[in-house]
Amino acid sequence: MIKSNIFYQIAPSFLNTILNVVTFLLIAILISSKVGISFYGEFATSLSFIGILFILGDFGINHLFPKIVSRDRYKINKISAYVSFFIILRLIWSIILSMLIFLFYAESVLLASVLTIYLVSRLLNPEMIFKALENNLYILSVNFLSKIFILLIFINYDFSNKPLEGSILIIALGNLFYCLALFYKLFKSHQVYLTFSKDNFHLFQDSFNFFYPRLIFNLQYHGSTFFVSLILPFELVGIYALAIEFSKAGQALTGSVSTAYYVRTSFTKHFQSLITTTKYFLLVQLIFLPIFILYGNDLLQFFFTFDTSILFQILLIFYFFFPIVLVNSFWGYPFFSSIDKEGIINKITIFSSISYFLFFALLQLFNLMNIHTAILCIISADIFGFIPRIYFIFTNRFFLLNTND
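Presented here is a report on the structure given in the accompanying data block. For clarity, every value in this text was computed on a predicted model and none was experimentally measured.

Structural notes on the environment of Asn 209
Note on placement: Asn 209 falls in helix α9 (residues 202–229). Residue Asn 209 is classed as partly exposed on the basis of its relative accessible area of 32%. Taking C-alpha positions, Asn 209 is 36 Å from Ile 27, a pair spaced 182 residues apart along the chain.

Structure, rendered in structure tokens:
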């Protein structure tokens, strides 16, 4: 499988990401048109808070597993040990973090319950195991069914009755269906079995080595909407959240390709295809720039019922800086982890993320925080991650000479 054309792994992963993006867009349109942009801000704030809890419970697995599962894909005993470790660790964190939801966040037992279900549905999602096994086509098919399920319920849901709790529960149930289908495939077709021994304790240390460097970054990535909600009104939070989700959609598209290369380069140590793909993505982004400038706001007004001028301004800023995000995605772990220099990319990630919170604090300190400056905090963090990346890629450029894919 590892010798197969990487396109056959990228294509379903890319389509899967597009499916997620389209689903997000449709849900955002439904919620903002039926309940309003302020409610969407409240909805996005709750999901962002769960995102913060999720990265605490992730414990570095989402970045460790693509490397080790891909490396040991033909050793069923190893894969079984990894899956067992994943289930045990995520269940422990699910219990701990669910208690925090009930004790400190939710206004009612019902809201706490649906938030807990949503959190568990995210923590127990074994998608990265299938990505590491390069079984992306199965991911696509199951995700398609789960998204159809979610959209059908959203379309028919009466938002006049418990809109926040109902909206979160719908997404959670779709996620749970997705998780169950993936686990069924793991145990039935891949013949994975539950096992655990003290020899697997090293996985705690290995996963923690991925967890702590990206903790601050993930707090920024998943929690920025929640942090902004502490300062701005829900109407602006809703616009901010939409802009962030559109930005994440672009990052997810590049990330789906990046993950495929991360799995592949962990084996081959070859980077020619990664270099070529980077050039193609930058070219496509440049081609679509004038189209976005001329027609972007018209498209937004077609889909949404509120005034989209601020949203378009923010998205235009993101689009101009997208090449930096692209390079940061493609030339992070797919390169540095493959040459056994994770320490470098971990330090870069920490440095970039600290800069976000530093800018955020300074703007708030001098009473300069608004929706536009909140976006600039994210852009600044991307730039502070881009500059040292380029420097260290250049200083390690001799690895790029090994280009036979």
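Having seen it, we continue.
Side note on the packing of helix α11 (residues 272–303) against helix α12 (residues 309–320)
Here α11 crosses α12 at 175 degrees, and the two axes come no closer than 10 Å. Considering their axes alone, α11 and α12 lie roughly antiparallel with respect to each other. Along its contact with α11, which presents Val 284, Gln 285, Phe 288, Leu 289, Phe 292, Ile 293, Gly 296, Asn 297 and Leu 300, the element α12 presents Ser 309, Leu 311, Phe 312, Leu 315, Leu 316, Tyr 319 and Phe 320. Split into classes, the residues belonging to the contact of α11 with α12 amount to 12 nonpolar, 4 polar and no charged.

Looking at the environment of Ile 52
You can see Ile 52 is positioned in helix α2 (residues 37–58). Its relative accessible area of 11% is what places Ile 52 among the buried residues. Taking the C-alpha atoms as reference, Ile 52 lies 9.6 Å from Leu 215; in sequence the two are 163 residues apart. For Ile 52, the residues in contact, after removing those within four places along its chain, are Leu 219, His 222, Gly 223, Phe 226 and Phe 227.

Quick word on the pattern of salt bridges
Counting across every chain of the model gives 2 salt bridges. Taking the shortest distance from any N to any O, the salt bridge between Asp 58 and Arg 90 comes out at 2.7 Å. A residue pair is termed long-range when its members are at least 10 positions apart, and Asp 58 in helix α2 and Arg 90 in helix α4 (residues 76–105) qualify at 32 residues. Since its relative accessible area comes to 6%, Asp 58 is described here as buried. Across the pair Glu 245 and Lys 248 runs a salt bridge whose closest N-O atoms are separated by 4.0 Å. Here Glu 245 and its partner Lys 248 are both found in helix α10 (residues 234–268), 3 residues apart, which amounts to about one turn of the helix.

About the criteria used
Residues numbered from 1 in each chain as written. Predicted model: local features only at pLDDT ≥ 70, side-chain atom pairs only at ≥ 80, totals over all residues. Heavy atoms only, no water. Helix = DSSP H or I, 4+ residues; strand = E, 2+ residues; numbered from the N terminus. Buried < 20%, exposed > 50% of the residue type's maximum accessible area, 1.4 Å probe, protein only. Axes fitted to C-alpha atoms, helices over the stretch in contact; angles between N-to-C directions. Parallel < 35°, antiparallel > 145°, perpendicular 65-115°, else oblique. Contact = heavy atoms within 4.5 Å. Nonpolar A, V, L, I, M, F, W, Y, C, P; charged D, E, K, R; others polar. Salt bridge = Lys/Arg side-chain N within 4 Å of Asp/Glu carboxyl O.

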